[in-house]
Amino acid sequence: MVPTPIRAVATETGTRLLPIQTIRASMLAPLVDKLDRGRGLTDILLSEHDLLRSTLGDPYAAIPLRHYITMLEHAAVALGDFWLGLHLGQNMRFSDLGPLGPYLAAASTARSAFERMSRFLHVLQSHTLVRLDVSGKTTIWTYQVEDPTIWPRVQDSELTLAGTCQVVRFFLGQHWSPSEVHFEHGAPDDCSAHQRFFRAPVLFSQPTNRLFFSTADVDRPVRNEDPDLSRVLERHIADLLAKQETEADILRQVQRLIVLNMGRNRITVDRLAGDLGISTRTLQRELSKQNTSLRLLLRAHRQTLAESRFAAGRCRSADIAQTLGYADATAFWRAFKSWTGATPRDFQNQRKRYSPPQ
């Protein structure tokens, strides 16, 4: 297996090495197939994103996640298919998921497949948050790339939620539909393709990407699982995971929880300490050792996310305020000005003024 690449990151306390976000190269195969059938742009796009065609056939090879997401965005423009991610997700197969695919397909219920994905996603794609939450009759599946600077990521989000919907339909039949769909990016001019595929209300500019569905649906048994086969597949997946990134430290776990709860739950030291299974005092002490605090981590994440969204253009302050968990746009306006010394409008105008012409 290829070792996980690392990159140097300068901090106030020195330089530390962090793993680069990666994804299995095999995830690009459906896109490459589509490009090969289209305008002959495959090798040009691969070269522009420093990717090699020869790696795509290796189910264990990894490529930078940023390059994968950016290539999806550029391919959508090159093909003139602004629903590219949605179309690729509609045709997703378990074999596209590399070593994880057969393990998901062997599950007896859709819930079991989701739980396996939650546990072992990092075998397929690192630095990504997924979670299954059950609230009575409703179950919620959350997906989000952790790094807010990887933006836009419309095609990846739509591919993933459409592909996840197809996984559920593998278990429950093509007639099945979620009860609601949320996307973190803004609404396109035409949402008809989303409505046709999901057959459910689709909301945009939400805090994160989510599928809502009936708990009874995902708990419905659809096959008799072969326990011996599942144990063999799980052992293989677990061995792969053990060779990858080691268990995150408390700082990284707190950053992950901030992303998961942003715009959904009130983020406090007590809540995060409870999620981590440690005392509030222990969490505060551990963050202090890293020369930070929850307040500083929240501010850093909100500022990075807001600036990334504004830099991408076509973002309203009200939508970003909702994403960041502010009560209204005014509260966000004040916070943003305290971070940057500029109002959101002035910040966007400055970016336009100093951006190179396209």
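It should be noted that the structure appears before, not after, this text.
Residues numbered from 1 in each chain as written. Predicted model: local features only at pLDDT ≥ 70, side-chain atom pairs only at ≥ 80, totals over all residues. Heavy atoms only, no water.

Draft legend 1. Structural context of the packing of helix H11 (residues 250-261) against helix H13 (residues 280-289). Across the interface, H11 lies against H13 with an axial gap of 9 Å and an inter-helix angle of 110 degrees. By the angle between their axes, H11 is roughly perpendicular relative to H13. Seen along the crossing, H11 lies across H13 with a hand that is left-handed. Residues Ile250, Leu251 and Val254 of H11 lie in contact with H13, whose contacting residues are Leu283, Glu286 and Leu287. In terms of residue class, the contact of H11 with H13 is made up of five nonpolar, no polar and one charged. (Axes fitted to C-alpha atoms, helices over the stretch in contact; angles between N-to-C directions. Helix = DSSP H or I, 4+ residues; strand = E, 2+ residues; numbered from the N terminus. Parallel < 35°, antiparallel > 145°, perpendicular 65-115°, else oblique. Left-handed = near helix turned anticlockwise from the far one by under 90°. Contact = heavy atoms within 4.5 Å. Nonpolar A, V, L, I, M, F, W, Y, C, P; charged D, E, K, R; others polar.)

Draft legend 2. Structural view of the nonpolar core. By size, the foremost hydrophobic cluster in this structure holds 68 residues, and its most contacted members are Leu28, Leu31, Tyr68 and Phe198. Filtering out sequence-adjacent residues up to four positions away, Phe198 remains in contact with Leu86, Leu161, Ala162, Cys165, Arg169, Ser177, Pro178, Val181, Phe183 and Leu211. In this structure, Leu251, Ile258, Leu272 and Leu297 belong to the second largest nonpolar core, which totals 14 residues. (Core = buried A, V, L, I, M, F, W, Y, C linked by side-chain atoms within 4.5 Å. Buried < 20%, exposed > 50% of the residue type's maximum accessible area, 1.4 Å probe, protein only.)

Draft legend 3. Looking closely at the environment of Val181. Positionally, Val181 belongs in strand S7 (residues 180-182). Between the C-alpha atoms of Val181 and Phe212, which are 31 residues apart in sequence, the distance is 6.3 Å. Aside from chain neighbours lying at most four places away, what touches Val181 is Leu161, Phe198, Pro201, Val202, Leu203, Arg210 and Leu211.

Draft legend 4. Fine view of the packing of aromatic side chains. Evaluation of the coordinates by the stated rule reveals 17 aromatic pairs. Ring plane angle 45 degrees and centroid distance 4.8 Å describe the contact between Phe114 and Trp141, whose orientation is recorded as tilted. Here Phe114 is found in helix H6 (residues 110-124), whereas its partner Trp141 is found in strand S6 (residues 138-145), with 27 residues between them in sequence. You can call Trp141 buried: its relative accessible area is 3%. Seen from their ring centres, Phe310 and Phe347 are 6.4 Å apart, and the 55 degrees between their planes marks the pair as tilted. Pair noted here: Phe310 is in helix H14 (residues 294-312) and Phe347 is in helix H17 (residues 344-354), with a separation of 37 residues, a long-range link. For Phe310, a relative accessible area of 3% translates into the label buried. Residue classification places Phe347 among the buried residues on the basis of a relative accessible area of 9%. Pairwise contacts between aromatic rings join Phe310, Tyr326, Phe332, Phe336, Trp339 and Phe347 into one cluster. (Phe/Tyr/Trp six-rings, centres within 6.5 Å; stacked < 30°, edge-to-face > 60°.)

Draft legend 5. Highlighting the side chain of Arg309. Relative to the elements of secondary structure, Arg309 occurs in helix H14. What Arg309 contacts, discounting residues up to four positions off in sequence, is Trp151, Glu184, Cys315, Ile320 and Thr323.

Draft legend 6. Spotlight on the packing of helix H12 (residues 269-276) against H13. At a minimum axis distance of 8 Å, the contact between H12 and H13 shows a crossing angle of 100 degrees. When the interaxial angle is binned, H12 and H13 end up roughly perpendicular. On H13, the residues touching Val269, Asp270, Leu272, Ala273 and Leu276 of H12 are Thr280, Leu283 and Gln284.

Draft legend 7. Layout of helix H7 (residues 154-172). Helix length check: H7 (19 residues) gives 27 Å between terminal C-alpha atoms against 27 Å at 1.5 Å per residue, within 8%. By the criterion of burial, H7 is predominantly enclosed, with 17 of the 19 residues buried. One or two steps after H7, the chain reaches Gly173, where phi turns positive at roughly 100 degrees. (Expected span 1.5 Å × (residues − 1).)

Draft legend 8. View of the pattern of salt bridges. Evaluation of the coordinates by the stated rule reveals 16 salt bridges. With a closest N to O distance of 2.8 Å, Arg220 and Asp217 form a salt bridge. The salt bridge involving Arg231 is made with Asp228; its shortest N-O contact spans 2.4 Å. Remark: Asp228 and Arg231 occur in helix H10 (residues 227-242); sequence separation between them is three residues, near one turn of the helix. Owing to a relative accessible area of 47%, Asp228 belongs among the partly exposed residues under this scheme. A network of salt bridges, in which partner residues are shared, links Asp36, Asp43 and Arg53. (Salt bridge = Lys/Arg side-chain N within 4 Å of Asp/Glu carboxyl O.)

This is a description of form; function is not addressed.
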